[in-house]
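Chain and residue survey
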Amino acid sequence: MRRLMLIGLGLVVMFSASLSLTGCVVVAPRPHYAARVWVPAYYAPGSVYVSGHWR
């Protein structure tokens, strides 16, 4: 009986470890944020600094 419990416990541990390594969960974005992208800060021609913003 003890051996059966150890085998069962080992299978549970291996199954949970394999589930944790399967990757990230993908969730569909909300429609409002679907087309937004972050534009990092940069220097425009004429040494004008443009700060980062959402486009």
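So, here is what we can say about the structure in this document.

Brief notes about the overall build of the protein
When its secondary structure is counted, the protein shows one helix and four strands. Out of the 55 residues belonging to the protein, those deemed buried represent 4%. Summed over all atoms, the accessible surface of the protein reaches about 5,500 Å², with 70% contributed by carbon and sulfur.

Considerations on the environment of Trp54
Note on placement: Trp54 falls in strand β4 (residues 53-54). Along the sequence, Trp54 and Pro40 sit 14 residues apart, while their C-alpha atoms lie 8.7 Å from each other. In contact with Trp54, other than residues within four places in its own chain, are Arg36, Val37 and Trp38.

Remarks on a nonpolar patch on the surface
Residues Met1, Leu4 and Met5 make up a contiguous nonpolar surface patch of roughly 420 Å² in combined accessible area. Examined against the element boundaries, Met1 turns out to sit in the segment before α1 (2-20).

Here we look at the environment of Tyr43
Secondary-structure assignment places Tyr43 in strand β2 (residues 42-44). Tyr43 has contacts with Val48 and Tyr49, leaving out every residue within four places of it along the chain.

What counts, and where the lines are drawn
- Residues numbered from 1 in each chain as written.
- Predicted model: local features only at pLDDT ≥ 70, side-chain atom pairs only at ≥ 80, totals over all residues.
- Heavy atoms only, no water.
- Helix = DSSP H or I, 4+ residues; strand = E, 2+ residues; numbered from the N terminus.
- Buried < 20%, exposed > 50% of the residue type's maximum accessible area, 1.4 Å probe, protein only.
- Areas by Shrake-Rupley, 256 points an atom, 1.4 Å probe, with all protein chains shown as cover.
- Contact = heavy atoms within 4.5 Å.
- Patch = residues over 30% accessible without salt bridge, like charges linked within 9 Å, V, L, I, M, F, W, Y side chains within 5 Å.
- Salt bridge = Lys/Arg side-chain N within 4 Å of Asp/Glu carboxyl O.

In short, shape yes, function no, at least from these values alone.
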